[in-house]
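# Survey of secondary and tertiary structure
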Amino acid sequence: MLQLEEIRVGYPVAGGLRTVVDALSLSLPAGGIGCLLGASGCGKTTVLRAIAGFEPVRAGRIVLAGHVLSTPEGTVPPERRGVGMMFQDYALFPHLDVAGNVGFGLARLSRAARAARIAEVLALVGLADRASSYPHELSGGQQQRVALARALAPSPSLLLLDEPFSNLDIDTREHLAGELRAILKRTGTTALLVTHDQAEAFAMADAIGVMDRGRILQWADAQTLYRAPADRFVAGFVGRGSVVPAAALGLVGGGEVLLRPDQLVPDVDGALWAEVLGTTFLGPGHVARVRLACGAVVEVDLHGGATPSPGAGIALRLVEEALIVFPPRQDGSPC
Ligand SMILES: Nc1ncnc2c1ncn2[C@@H]1O[C@H](COP(=O)(O)OP(=O)(O)OP(=O)(O)O)[C@@H](O)[C@H]1O
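Residues numbered from 1 in each chain as written. Predicted model: local features only at pLDDT ≥ 70, side-chain atom pairs only at ≥ 80, totals over all residues.

- Named according to an unreviewed UniProt entry, the chain is ABC transporter ATP-binding protein originating from Luteimonas marina.

### A closer look at the overall build of the chain
- When helices and strands are tallied, the chain shows eight helices and 19 strands.
- Taken along its principal axes, the extent of the C-alpha atoms in the chain is 75 × 50 × 35 Å.
- Going through the 335 residues of the chain one by one, you find that 36% of them count as buried.
- When contacts within the chain are restricted to residue pairs at least 6 apart in sequence, those whose partners lie at least 24 apart make up 61%. (Helix = DSSP H or I, 4+ residues; strand = E, 2+ residues; numbered from the N terminus. Buried ≥ 20, exposed ≤ 12 C-beta atoms within 10 Å, placed from the backbone. Contact = placed C-beta atoms within 7 Å.)

### Overview of the site of the ligand
- Looking at the ligand, the residues that line it are Tyr11, Val20, Gly38, Ser40, Gly41, Cys42, Gly43, Lys44, Thr45, Thr46 and His196.
- Across the shell around the ligand, the residue classes break down as three nonpolar, seven polar and one charged. (Near = placed C-beta within 6 Å. Nonpolar A, V, L, I, M, F, W, Y, C, P; charged D, E, K, R; others polar.)

### What about the nonpolar core?
- In this structure, Ala149, Leu160, Leu192, Leu193, Met204, Ile208 and Val210 are the most contacted members of the largest nonpolar core, which totals 84 residues.
- In contact with Leu192, other than residues within four places in its own chain, are Leu2, Leu28, Gly34, Leu48, Ile51, Leu158 and Leu160. (Core = buried A, V, L, I, M, F, W, Y, C linked by C-beta atoms within 7 Å.)

### A short note on the sheet that holds strand β5 (residues 67–71)
- Strand order in the open sheet formed by five strands is β2-β1-β4-β5-β6, and the pairing between neighbours is antiparallel. Looking along the sheet, the strands with just one partner apiece sit at the ends: β2 (16–28) and β6 (74–75).
- Where helix α1 (residues 44–52) meets the sheet, its contacts fall on β1 (2–13), β2, β4 (59–64) and β5, and the angle it forms with β2 comes to roughly 75°. (Pairing = 2+ DSSP bridges. Axes fitted to C-alpha atoms, helices over the stretch in contact; angles between N-to-C directions.)

### Re the domain arrangement of the chain
- Domain annotation for the chain reports domain 1 (1–76 + 158–239), domain 2 (83–155) and domain 3 (240–326).
- Taken over C-alpha atoms, the centre of domain 2 sits 50 Å from the centre of domain 3. (Domains from an automatic or database assignment.)

### Focus on the environment of Val268
- Mapped onto the elements, Val268 comes out in the loop between β14 (264–266) and β15 (272–281).
- Classification of Val268 as exposed rests on a count of 7 C-beta atoms within 10 Å.
- Taking the C-alpha atoms as reference points, Val268 and Arg317, separated by 49 residues in sequence, lie 8.5 Å from one another.

### With respect to the pairing of strand β9 (residues 190–195)
- Burial runs high along β9: six of the six residues are buried.
- Where burial is concerned, the two faces of β9 agree: the one with Thr190, Leu192 and Val194 and the one with Ala191, Leu193 and Thr195 are both buried.
- Alignment of strand β3 (residues 33–38) against β9, held across five bridges, turns out to be parallel. The residue bridging Leu36 from the neighbouring strand is Val194, located in β9.

### Some words on the environment of Met211
- Within the secondary structure layout, Met211 lies in strand β10 (residues 207–212).
- Note: C-alpha distance between Met211 and Ala107 (104 residues apart in sequence) is 38 Å.
- If near-sequence neighbours (up to four positions away) are discounted, Met211 is found in contact with Leu36, Leu37, Gly38, Cys42, Gly43, Lys44 and Ile216.

### Observations concerning the sheet that holds strand β13 (residues 256–259)
- An order of β12-β13-β19 is seen for the three strands of this open sheet, with the pairing classed as antiparallel. Each edge of the sheet is formed by a strand with only one pairing partner; in this case those strands are β12 (242–245) and β19 (324–326). The average angle at which neighbouring strand axes cross in this sheet is 35°, direction not considered.
- Inspection of the sheet shows β12 paired to β13 by four bridges, in the antiparallel sense. Directly across from Ser242, in β13, lies its bridge partner Leu259.

Here it is in structure tokens:
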């Protein structure tokens, strides 16, 4: 459905072009929900802007439903792409009521067809009774739903969502992420979301691309990213955990190991000794930050029992099952 083939995107700077996205490829099937996950500035929004037609590609191509939209030689203008976009600030028109906002992109429909479509999408997002409210009369979560209804109203082939929950509190975010996913699935909408929030990516997407400095390091479903990260960056970015030298855990063979917080278990007979730096109650249990003999600091989930004090020693057992091992670093650095 959507294919990005080795695209390069950049911005003009004095004397040339600053490449922000390079050799980036992904493929999203019809009805699929993809997500680009990465830290601020890694190029996520730039990818969306290229798909929407606001930025040209300098190499590669963008294909949607069999139509070539962007190549270095030419680009289909944004309004002819069939791509909808929902921005982080919702960008609702303050002087238009909800129906006016949702119907904004439906000018080519007859008055009756337009009213019917507005009613249909407002019902879909659970706002059938707010058609005549103005944006300032709505909560952040309701405004987000209006923005979604407006983006869905013209039935885009592809919906792009740029940090759709960034203005909302954490409870509303979690609730809406599940709801948004359900609405997209119910309507069969193909969507690409960008976020820096892993919980949001996990709640929403069928496939997630972890991005760093303009590239996708791994494109996979959430469980694969967590259980089989392609490299140290993905391992460190997705889920809690630290990468430590295998030797520090008494393992032979060299290299480094990804330690998730449940892979070191407090055990009086454990072979590893660590110093407790502090504990945090996360509910239902505590998490301890401990320093291993090699100096690496890792997290350990504590399930019941006494909570150790900072400065105390703690014996730990390594759960070797499903341990992820990385080969030694090229630069020879130990941690
Ligand atoms: N219009 C522009 N002109 C020049 N440089 C830009 C422009 N837009 C973005 N950039 C630069 O491109 C890089 C990537 O920006 P982009 O907005 O794509 O990242 P992002 O991952 O979406 O970040 P965030 O999560 O903060 O929005 C940044 O270094 C940014 O400063």
